[in-house]
Amino acid sequence: SFYLAGCKSDTVTNPTGGGIGGSGGGGGTGNVTFTVSTAAGSQQDLTNFLFKPSVNITVTTVEVSLPAQNFTFTETNPDPNVVFNPTDGFQIDDYQGVATGQQWTFKITGKIGSSTGQAYDVTVNYTTQ
């Protein structure tokens, strides 16, 4: 499967580890919704966020935020022409300090179907479990 981008140097201000597992709610505009989950990162205490779109999409950016801790970071896809499907989706890697009960927000932008498709801009709220 394809991966959006790694961010090993990004740190949440309260690194407590954990946050593995869970399922996510979707939300959106442009007729795209996302399911969000987490998985273990490349090292202990790192977490990956996994996104499964409702339709084939490309991804330009993902603005990641944890409002309770004033953490914000923008992931930029190095290849915005790659199409991600609902089965495999995509992920952003290696966030430190992800803990159960945190409320994360992801603003995902890209195009539906292919890099020439209709633009979408979706905000997904996700509480880690």
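Focus on the side chain of Asp94
Reasoning step 1: Along the chain, Asp94 falls in strand 6 (residues 90-96).
Reasoning step 2: For Asp94, a relative accessible area of 2% puts it in the buried group.
Reasoning step 3: For Asp94, the side chain forms a polar contact with the main-chain nitrogen of Ser42, separated by 2.8 Å.

Focus: unusual backbone geometry
Reasoning step 1: Of note in the backbone geometry, Asn70 takes a positive phi value of approximately 50° without being a glycine.
Reasoning step 2: Here Asn70 shows up in the loop between strand 4 (57-66) and strand 5 (71-76).
Reasoning step 3: Despite not being glycine, Asp94 shows a phi value in the positive range, around 60°.

Concerning the environment of Ala99
Reasoning step 1: On the secondary structure map, Ala99 appears in the loop between strand 6 and strand 7 (103-112).
Reasoning step 2: Along the backbone, Ala99 and Thr47 are 52 residues apart, and their C-alpha atoms lie at a distance of 9.4 Å.

Remarks on the packing of aromatic side chains
Reasoning step 1: A complete count under the given rule lists 13 aromatic pairs for this structure.
Reasoning step 2: With 5.8 Å between their ring centres and 65° between their planes, Phe49 and Tyr95 make a pair best called edge-to-face. Residue Phe49 is found in strand 3 (residues 46-53), and its partner Tyr95 is found in strand 6; the two are separated by 46 residues along the sequence.
Reasoning step 3: By relative accessible area, which is 0% here, Phe49 ends up buried.

About the criteria used
- Within each chain, residues carry numbers counting from 1 in the order of the written sequence.
- With pLDDT at 70 or above as the cut-off, local features in this predicted model cover only qualifying residues; side-chain atom pairs require 80 or more to be listed or tallied, and sums for whole chains, interfaces and linings still use all residues.
- Hydrogen atoms and water are omitted, and side-chain values are computed over all heavy atoms in the structure.
- A helix here means a DSSP run of H or I that spans at least four residues, while a strand means a run of E at least two residues long, and both kinds are numbered starting from the N terminus.
- Whether a residue is buried, partly exposed or exposed follows from its accessible area with a 1.4 Å probe, protein chains only, as a fraction of its type maximum: under 20%, in between, or over 50%, in that order.
- Whenever two N or O atoms come within 3.5 Å, that pair is a polar contact, provided that in protein one can donate a hydrogen and the other can accept it, and provided that, for residues adjacent in sequence, both atoms are side-chain atoms.
- Stacked, tilted and edge-to-face pairs are distinguished by plane angle, under 30 degrees for stacked and over 60 for edge-to-face with tilted covering the rest, among Phe, Tyr and Trp rings (Trp via its six-membered ring) whose centres lie within 6.5 Å.

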